[in-house]
Amino acid sequence: MKPFTYQRAGDMSSAVATVAERPEASFLAGGTNLVDLMKMEVLTPELLVDVRHLVSHQIQDLPGGGLRIGAGVSNSELAADRRVRRGYPMLSQAILAGASYQLRNLATVGGNFLQRTRCMYFRDVTMPCNKREPGTGCSARDGQQRDLAILGASKLCVATHPSDMAVAMAALDAVVHTVGPAGERTVPVNRLYRSPSDGPERDTVLDRGELITAVEIPAAPIAARSRYRKVRDRASYAFALVSVAAAIEVGDGAVSGVRIALGGVAHRPWRATTAERELFGMPATEESFRAAAEAELAAAWPLPGNAFKVPLARNTVVGMLRALTEEAR
Amino acid sequence: MDQEITLRVDGKEHTLTVDTRTTLLDALRERLGITSAKKGCDHGQCGACTVLLDGRRANSCLVLAVANAGAEVVTAAGLADGDELHPMQRSFISHDAFQCGYCTPGQIVSAVAMLREAEAGWPSVVSEDLDADEVVLDHGEIAERMSGNLCRCAAYANIVPAIAEVARS
Ligand SMILES: Cc1cc2nc3c(=O)[nH]c(=O)nc-3n(C[C@H](O)[C@H](O)[C@H](O)COP(=O)(O)OP(=O)(O)OC[C@H]3O[C@@H](n4cnc5c(N)ncnc54)[C@H](O)[C@@H]3O)c2cc1C
Ligand code: FES
Ligand code: FES
């Protein structure tokens with residue numbers, strides 16, 4: 001690890017100003033991603049500004065329904081919260097499907113959104129990688145392709161975003177609240193992550209020094225019967241090959257509401273808006289589910305080593321929608 | 001870049017000066033000579049370094065010592081009450097729940113914390129009723145809740161029953 005200075009942030013505005021002004025500075029929360037990457041010298045900040053004690057650790061009810069979750073809430077506490085378990089089970093399940101209890105106790109909500117890709121070439125400093133070192137090339141495209149993206153990728157980068165939590169947050173239309181050098185703003189999770197074709201070295205639209213303070217999930221009655229399913233190479237403690245967060249409402253046999261987001265397939269949690277549009281008003285049958293999943297995946301651009309993800313994603317979507325509708329009968 | 005910190009480990013207070021790069025695991029092992037927590041992967045992937053950090057199980061290899069100044073740390077060695085072993089330690093011995101023993105301190109700390117989490121009603125991803133008040137620790141639940149602790153010797157066949165016995169009592 002490269003030497004660095006450690007500071008415990010005293011207040012929000014000085015934490016933001018410090019990191020905004022110093023390109024070699026970085027926020028630190030649970031450290032489960034940052035410290036790991038610093039050990040491998042994938043990241044080499046010279047100053048860590050610890051914000052774990054600074055950002056809120058509270059989960060509050062919003063006036064019109066919904067929840068406001070402080071960025072410092074641990075992944076464990078969020079998954080175990082009764083309001084989340086009852087009102088947004090897909091979110092509890094998504095978090096519980098990721099990492100381990102030990103890691104989730106340390107990991108924060110803010111850090112989870114901003115964890116870096118697990119692409120093995122990004123994590124190996126001896127290999128070219130446009131995300132780590134812009135302009136050096138992408139080793140993954142001609143390398144081990146099993147974990148790579150099938151949607152939204154670019155010639156520059158085919159890495160996936162590893163978060164499970166963010167997939168459920170995308171399906172729930174969650175909104176990230178930040179404070180940055182230019183003041184406070186809100187960013188919907190579905191607009192948080194940048195396309196790799198715009199330069200893969202920056203994962204998100206957040207500015208340098210912009211601190212996530214909270215995330216809000218709006219009221220969503222549909223989410224009360226929702227689910228998350230993760231397909232991976234081991235039964236537990238492994239990142240997703242493909243994952244799906246889904247909720248569906250059926251009235252008189254037709255789909256009256258549906259939420260679908262995919263993980264493990266793109267540089268961001270992939271909200272399946274095409275599939276949602278296709279399904280709305282259609283009979284809640286396996287044929288409709290399949291057609292909608294196929295419409296979403298028509299845009300897939302797989303590599304030989306990850307082409308299996310296309311049918312895997314389709315079948316996981318269909319299987320989940322079927323299970324959710326059968327359960328409701 | 002050195003910084004002075006205080007840690008309370010297994011009930012005893014220590015003040016030490018550490019380089020900011022020192023992980024909690026290295027502070028325990030290399031600086032304080034407390035070798036109960038083990039270093040397996042050093043990347044959060046194996047659980048050998050698991051300790052209770054302010055009461056919750058955590059991978060001590062991924063946390064910086066300076067970020068945890070003032071913390072209360074419990075290692076497997078600190079679970080015993082003097083010469084009286086913790087029930088989880090006794091159960092691991094009576095079930096022969098290890099071979100080389102390298103993962104064992106992490107497994108034991110993790111299992112003790114896991115029982116507390118289950119008691120608090122925390123669900124797991126295999127819980128059929130996510131909102132249940134009471135967690136039934138069957139084989140599947142124990143395996144999932146312990147999946148952050150790997151055992152190279154694959155002593156799982158005895159680890160799970162060792163934990164299940166303490167869970168029942
Ligand atoms: C072995 C292993 C397995 C894992 N498996 C999974 C898995 O299956 N699924 C999954 O989803 N995740 C998994 N994870 C990743 C884990 O979820 C993340 O490491 C964790 O969520 C990051 O949170 P943190 O608080 O520790 O972030 P940190 O490591 O502290 O920070 C991560 C990044 O976020 C920035 N940051 C942190 N907080 C803020 C804030 N409030 N505002 C602005 N920037 C901020 C930091 O500067 C840093 O760049 C795994 C990790 C490990 C080590
Ligand atoms: S040594 Fe910490 S998890 Fe392996
Ligand atoms: S007993 Fe040898 S690693 Fe578990």
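Reading guide: rules and limits
- Residues numbered from 1 in each chain as written.
- Chains lettered and ligands numbered in written order.
- Predicted model: local features only at pLDDT ≥ 70, side-chain atom pairs only at ≥ 80, totals over all residues.
- Heavy atoms only, no water.
- Pairing = 2+ DSSP bridges.
- Helix = DSSP H or I, 4+ residues; strand = E, 2+ residues; numbered from the N terminus.
- Axes fitted to C-alpha atoms, helices over the stretch in contact; angles between N-to-C directions.
- pLDDT = per-residue confidence, 0-100.
- Near = heavy atom within 4 Å.
- Polar contact = N/O pair within 3.5 Å; in protein donor to acceptor, adjacent residues only side chain to side chain.
- Areas by Shrake-Rupley, 256 points an atom, 1.4 Å probe, with all protein chains shown as cover.
- Core = buried A, V, L, I, M, F, W, Y, C linked by side-chain atoms within 4.5 Å.
- Buried < 20%, exposed > 50% of the residue type's maximum accessible area, 1.4 Å probe, protein only.
- Contact = heavy atoms within 4.5 Å.
- Salt bridge = Lys/Arg side-chain N within 4 Å of Asp/Glu carboxyl O.
- Patch = residues over 30% accessible without salt bridge, like charges linked within 9 Å, V, L, I, M, F, W, Y side chains within 5 Å.
- Buried area = accessible area lost by both parts, 1.4 Å probe.

**Brief notes about the sheet that holds strand 5 (residues 67-70) of chain A**
Residue and element names in this part refer to chain A.
Part 1 of the reasoning: Ordered by their spatial adjacency, five strands build an open sheet running 4-5-8-6-7, and the pairing between neighbours is antiparallel. With one partner strand each, in any of the chains shown, strand 4 (59-61) and strand 7 (183-188) form the two edges of the open sheet. Each adjacent strand pair in this sheet contributes to an overall mean axis angle of 20 degrees, direction not counted.
Part 2 of the reasoning: Two elements, strand 5 and strand 8 (residues 211-217), share four bridges in a ladder whose sense is antiparallel. Looking at the pairing, Leu-67 lines up with Ile-217 of strand 8.

**Remarks on the confidence of the model for chain B**
Part 1 of the reasoning: Predicted confidence across chain B gives a mean pLDDT of 97, with 100% of residues reaching 70 or more.
Part 2 of the reasoning: Per the prediction output, this complex has pTM 0.98; the corresponding ipTM is 0.98.

**Some thoughts on the site of ligand 1**
Part 1 of the reasoning: Lining the immediate surroundings of ligand 1 are 35 residues, of which Phe27(A), Gly31(A), Thr32(A), Thr108(A) and Asp164(A) lie closest.
Part 2 of the reasoning: What surrounds ligand 1 is not a single chain but chains A and B.
Part 3 of the reasoning: At a separation of 2.7 Å, an oxygen atom of ligand 1 approaches a polar side-chain atom of Thr108(A).
Part 4 of the reasoning: One of the backbone nitrogen or oxygen atoms of Ile212(A) is found 2.8 Å away from a nitrogen atom of ligand 1.
Part 5 of the reasoning: Within the complex, the protein chains bury 95% of what would otherwise be the 980 Å² of accessible surface of ligand 1.
Part 6 of the reasoning: Elements with a minimum of two residues in the shell around ligand 1: strand 2 (25-28), helix 7 (109-114) and strand 8 of chain A.

**A few points about unusual backbone geometry**
Excluding glycine, residues mostly have negative phi values, and the peptide bonds linking residues are mostly trans.
Part 1 of the reasoning: Even without being glycine, Asp252(A) reaches a positive phi, approximately 55 degrees.
Part 2 of the reasoning: Structurally, Asp252(A) can be placed in the loop between strand 10 (242-251) and strand 11 (254-263).
Part 3 of the reasoning: For Asp42(B), which is not glycine, the phi dihedral falls at a positive 65 degrees.
Part 4 of the reasoning: With respect to the secondary-structure elements, Asp42(B) resides in the loop between helix 1 (24-31) and strand 3 (50-53).

**As for the nonpolar core**
Part 1 of the reasoning: One finds Ile69(A), Leu78(A), Tyr88(A), Leu91(A), Phe113(A), Met169(A) and Ile217(A) to be the most contacted residues of the largest nonpolar core, which totals 58 residues.
Part 2 of the reasoning: With residues near it in sequence (within four places) discarded, Leu78(A) still touches Ile59(A), Ile69(A), Val73(A), Val84(A), Leu91(A), Ser92(A), Ile95(A), Val109(A), Met165(A) and Met169(A).
Part 3 of the reasoning: With 34 residues, the next largest nonpolar core counts Ala27(B), Ile34(B), Ala37(B) and Leu62(B) among its residues.

**Focus: the pattern of salt bridges**
Pairs may arise between side chains of opposite charge once their charged atoms sit close together.
Part 1 of the reasoning: Counted under the stated rule, the structure contains 34 salt bridges over all chains.
Part 2 of the reasoning: Salt-bridge contacts for Arg132(A) lead to Glu133(A); the nearest nitrogen and oxygen are separated by 3.6 Å.
Part 3 of the reasoning: On the basis of relative accessible area, Arg132(A) is assigned to the buried category, the value being 14%.
Part 4 of the reasoning: For Lys39(B), the salt bridge goes to Asp26(B), with nearest N and O atoms at 3.0 Å.

**Some remarks on the sheet that holds strand 2 of chain A**
Residues and elements named next belong to chain A.
Part 1 of the reasoning: A sheet is described by the order of its strands in space; here three strands give the open sequence 1-3-2, paired in parallel fashion. Both edges of this open sheet fall to strand 1 (5-8) and strand 2, since each of them pairs with a single strand only. Averaged over all adjacent pairs, the angle separating strand axes in this sheet is 25 degrees, with direction ignored.
Part 2 of the reasoning: With four bridges connecting them, strand 1 and strand 3 (residues 47-50) associate as parallel partners. Bridging from a neighbouring strand, Tyr-6 pairs with Leu-48 of strand 3.

**Regarding the pairing of strand 9 (residues 226-231) of chain A**
All names here are of chain A.
Part 1 of the reasoning: The alternating pattern of strand 9 places Ser-226, Tyr-228 and Lys-230 on a buried face, while none of Arg-227, Arg-229 and Val-231, on the opposite face, is buried.
Part 2 of the reasoning: Alignment of strand 9 against strand 10, held across six bridges, turns out to be antiparallel. Residue pairing for strand 10: Tyr-228 is matched across the bridge by Ala-245.

**Concerning the side chain of Ser60(B)**
Residues and elements named next belong to chain B.
Part 1 of the reasoning: Note on placement: Ser-60 falls in the loop between strand 4 (56-59) and strand 5 (72-74).
Part 2 of the reasoning: Take Ser-60: its relative accessible area is 0%, and that puts it in the buried class.
Part 3 of the reasoning: A polar side-chain atom of Ser-60 sits 2.7 Å from the main-chain carbonyl oxygen of Cys-49.
Part 4 of the reasoning: In contact with Ser-60, not counting residues within four places along its chain, are Thr-23, Leu-24, Leu-25, Ala-37, Cys-49 and Val-51.

**Brief notes about a nonpolar patch on the surface**
Residue and element names in this part refer to chain B.
Part 1 of the reasoning: A contiguous nonpolar patch, built from Leu-85, Ile-93 and Phe-98 and spanning about 240 Å² of accessible area, is present on the exposed surface.
Part 2 of the reasoning: If you trace the backbone, Phe-98 turns up in the loop between helix 2 (87-94) and helix 3 (104-119).
Part 3 of the reasoning: Given a relative accessible area of 30%, Phe-98 falls into the partly exposed group.

**Thoughts on the interface of chain A and chain B**
A common measure of how large an interface is: the accessible area buried when the components associate.
Part 1 of the reasoning: Counting residues at the interface gives 41 residues for chain A and 42 residues for chain B.
Part 2 of the reasoning: Contact between chain A and chain B buries roughly 3400 Å² in total, counting both sides, with carbon and sulfur atoms accounting for 54%.
Part 3 of the reasoning: Counting across the interface, chain A meets chain B through five salt bridges.
Part 4 of the reasoning: A salt bridge links Asp131(B) to Arg86(A), with the nearest nitrogen and oxygen atoms 2.7 Å apart.
Part 5 of the reasoning: Our count for the contact surface shared by chain A and chain B stands at 24 residue pairs in polar contact (both at pLDDT 80 or more).
Part 6 of the reasoning: Counting residues per element, the ones that place at least two in the side of chain A that touches chain B are strand 1, helix 2 (34-39), strand 3, helix 3 (75-80), helix 4 (82-87), helix 5 (89-96) and helix 6 (101-106) of chain A.

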